Structure formats: C-alpha cells, structure tokens
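Fold and geometry: a report
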Amino acid sequence: MQLKYIHSKKDYTQAIEDIDKLWYAEAGTPEYNHFEILVELLDAYERLRWPQDTSDPIAALKFHMLQRDYTEKDLGDLIGSLERAEKILDRQIKLSLSVIWKLHKTWNIPAESLIKPYLLDPNRNKAKK
C-alpha cells in the first residue's frame, strides 16, 4: 500500500479498501501509522468533495443525495412528483412537513437538519417563468 493524495473516485475507493485492510492494526506499528494517515487523507478528500452545510435544509438534502447517488428523479419518486422535487431543490418551494417526514423515515436524513428555516430564491422563480 502506497500513500498518496486522493484525486479521483478510483483513488478514493482504493483508500477505503486500504483502510479496511488496516482497520485492526495495532497502535504504534508502521501499519497503524499508515492507517492514521490514510484516514486523514480520506477525511480531507471528503470535506473538499462533499462539504457539509447542515445549517441549510436544501444543502443538507443535496449533500445526502450526492453521498448516496440519488437523483432528482429519486426524490420525485419519493415525494410523488419530479416537478415538485425540482422546485424544492431550486428553492422555488419549501419542504413541507410531510416531505420532511418521508425524507427522515425513508432516506434517514435527520429531521432536525431539514426543519430549519431557509429562504426561497426569488430569482429562480423569475428565471423559470
């Protein structure tokens, strides 16, 4: 196993596989040192690639979707309408309580990250007309 920066999905996958192999390395060994460095590299890559802005419900939803490769269509299937899903993600309409509940129960998104107040984007409404 060679230490190197993570620049691609292939590098990311390899780092995860290497971490799995080193998971039970004994503290103080060269293998454990390698493990710790890999974890730090993986953490840095994830923070850059998938920043977590849980102060905003739409950012939290998009982050969750990105992590799990969910699409707007997947969201539309869950809430009953692709058009509604697009409007939510474009900040044209707010998340309803029933949608928040479905996202929490079905996709395991913490409800507290979805119920925070947020603003709609009035410029998007004008652009879509």
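Scroll up for the structure.
Rules used in this analysis
Residues numbered from 1 in each chain as written. Predicted model: local features only at pLDDT ≥ 70, side-chain atom pairs only at ≥ 80, totals over all residues. Heavy atoms only, no water. Helix = DSSP H or I, 4+ residues; strand = E, 2+ residues; numbered from the N terminus. Rg over C-alpha atoms; globule rule 2.2 N^0.38 Å. Buried < 20%, exposed > 50% of the residue type's maximum accessible area, 1.4 Å probe, protein only. Contact = heavy atoms within 4.5 Å. Areas by Shrake-Rupley, 256 points an atom, 1.4 Å probe, with all protein chains shown as cover. Lys, Arg positive; Asp, Glu negative; His and termini not counted. Charge placed at Lys NZ, Arg CZ, Asp CG, Glu CD. Axes fitted to C-alpha atoms, helices over the stretch in contact; angles between N-to-C directions. Left-handed = near helix turned anticlockwise from the far one by under 90°. Nonpolar A, V, L, I, M, F, W, Y, C, P; charged D, E, K, R; others polar.

With that settled, the discussion passes to the overall build of the chain. Of the regular secondary structure elements, the chain holds eight helices and zero strands. Traced from its N-terminal end to its C-terminal end, the chain shows the element sequence α-α-α-α-α-α-α-α. Computed over C-alpha atoms, the radius of gyration of the chain comes to 19 Å, more than 25% over the 14 Å expected from 2.2 N^0.38 for 129 residues, which places it beyond the range of a compact globule. If you line up the chain on its principal axes, its C-alpha atoms span 60 × 30 × 25 Å. Out of the 129 residues in the chain, the part that is buried amounts to 33%. Sequence separation of 24 or more characterises 54% of the internal contacts of the chain that already satisfy a separation of 6 or more. Total accessible area computed for the chain in this model is approximately 8,900 Å², and 53% of it derives from carbon and sulfur atoms. Seen as two clouds, the 20 positive and the 21 negative side-chain charges of the chain have centres 11 Å apart.

It is the contact of helix 1 (residues 9–22) with helix 2 (residues 30–49), at a shortest axis distance of 10 Å, that shows an interaxial angle of 145°. Crossing of helix 1 over helix 2 shows left-handed handedness. The segment helix 1 lies against helix 2, with Lys9, Tyr12, Ala15, Ile16, Asp18, Ile19 and Leu22 engaging Glu31, His34, Phe35, Leu38, Val39, Leu42, Tyr45 and Glu46. The class makeup of the residues in the contact of helix 1 with helix 2 is ten nonpolar, one polar and four charged.

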